[in-house]
Amino acid sequence: MEATTIRYVRGDATAPQAKGVKVIAHVCNDLGGWGKGFVLALSRRWPEPEAAFRRWHRERAGNDFGLGAVQLVRVEPYVWVANMVGQRGIRTARSTGVPVRYEAIDTALTALAGQALALGASVHMPRIGCGLAGGRWERVEPLVTARLVDRGVPVTVYDHD
């Protein structure tokens, strides 16, 4: 399993192009909100990631929910979705700055790497943290490379047409 760089493809990250076990990774906010961006595509395919995320947030007093945390949700025999809490709040008309938290994404990717290696899985994602979270891919890409690719986890990034 020798992955040296991120593979970039055109397509839909909810339909990962690979054999074997696959983890679809994406970034969520720390408010428990699920309703815009990539999560809508996930919810169109499977109800479980949203239901699990909302329950994780609702029961956060007794679990690890928070910036940098990862929740793995199985949606098919060989497909998992990784809900990674990597943005603080959401962008509103009045807010200044961006919700993305690079340190939280870094922490989440580190945790995800261990889980992906244990599952023998490849990881599939849109350009995480760069949509509604307002992040820049040139900041996120080195984190993905360091935390996943350099540890031997094959990563495919999907750009929607």
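Shown above is the structure to which this text applies.
Residue numbering note: each chain is counted from 1, following its sequence as written. Thresholds applied to this predicted model are a pLDDT of at least 70 for local features of residues and 80 or more for the giving and counting of side-chain atom pairs; totals over whole chains, interfaces and linings are not thresholded and use all residues. Values shown for side chains rest on all heavy atoms present in the structure; no hydrogens or waters enter the calculation.

Undergrad: Explanation requested: the packing of aromatic side chains in the structure shown.
TA: Geometrically, a pair of aromatic rings is defined through the distance of the ring centres and the angle of the planes. Centre distance within 6.5 Å is the pairing criterion for rings of Phe, Tyr and Trp, where only the six-membered ring of Trp is used; planes under 30 degrees apart are then read as stacked, over 60 as edge-to-face, and the remainder as tilted. Under the criterion given, the structure shown has 5 aromatic pairs. Relative to Trp137, the ring of Tyr8 has its centre 6.4 Å away and its plane inclined at 85°; by these criteria the two rings are edge-to-face. One end of the pair, Tyr8, is in strand β1 (residues 7–10); the other, Trp137, is in helix α4 (residues 137–147), with 129 residues separating them in the sequence. For Trp137, a relative accessible area of 8% translates into the label buried. For the pair Trp56 and Phe65, a centre-to-centre distance of 5.0 Å together with 80° between the ring planes defines the contact as edge-to-face. There is no split in this pair, since Trp56 and Phe65 are both buried. In textbook terms, an aromatic cluster arises when at least three aromatic residues are bridged by ring pairs, as seen for Trp34, Phe53, Trp56 and Phe65. Helix and strand labels come from DSSP, where a helix needs a run of H or I of at least four residues and a strand needs a run of E of at least two; each type is numbered from the N terminus. Partly exposed describes any residue whose relative accessible area lies between the buried limit of under 20% and the exposed limit of over 50%, with all areas from a 1.4 Å probe on protein chains only and scaled to the type maximum.

Undergrad: How should the layout of surface pockets be read in this particular structure?
TA: Over the atoms a probe the size of a water molecule is rolled, and this reveals where empty space is left. Cavity: a set of points on a 1 Å grid over the protein atoms alone where a 1.4 Å probe fits but cannot get out. Pocket: an open set with protein on both sides within 12 Å along at least five of seven lines, its lining residues, like those of a cavity, having an atom within 4 Å of a point. Grid points are joined across faces, edges and corners, and a volume is the space filled by probe spheres set on the points. Its volume calculated, the largest pocket comes out at about 540 Å³. Contributing to the lining of the largest pocket are 22 residues, with Lys36, Gly37, Gln87, Leu132 and Ala133 lying nearest its centre. Among the elements of the structure, β2 (22–29) and α1 (38–45) are those that each provide at least two residues to the lining of the largest pocket. The element that contributes the greatest number of residues to the lining of the largest pocket is β2, accounting for 4 residues. Only Asp, Glu, Lys and Arg are considered charged, only Ala, Val, Leu, Ile, Met, Phe, Trp, Tyr, Cys and Pro nonpolar, and every remaining residue, Gly among them, polar. Of the residues assigned to the lining of the largest pocket, the class counts are 11 nonpolar, 8 polar and 3 charged.

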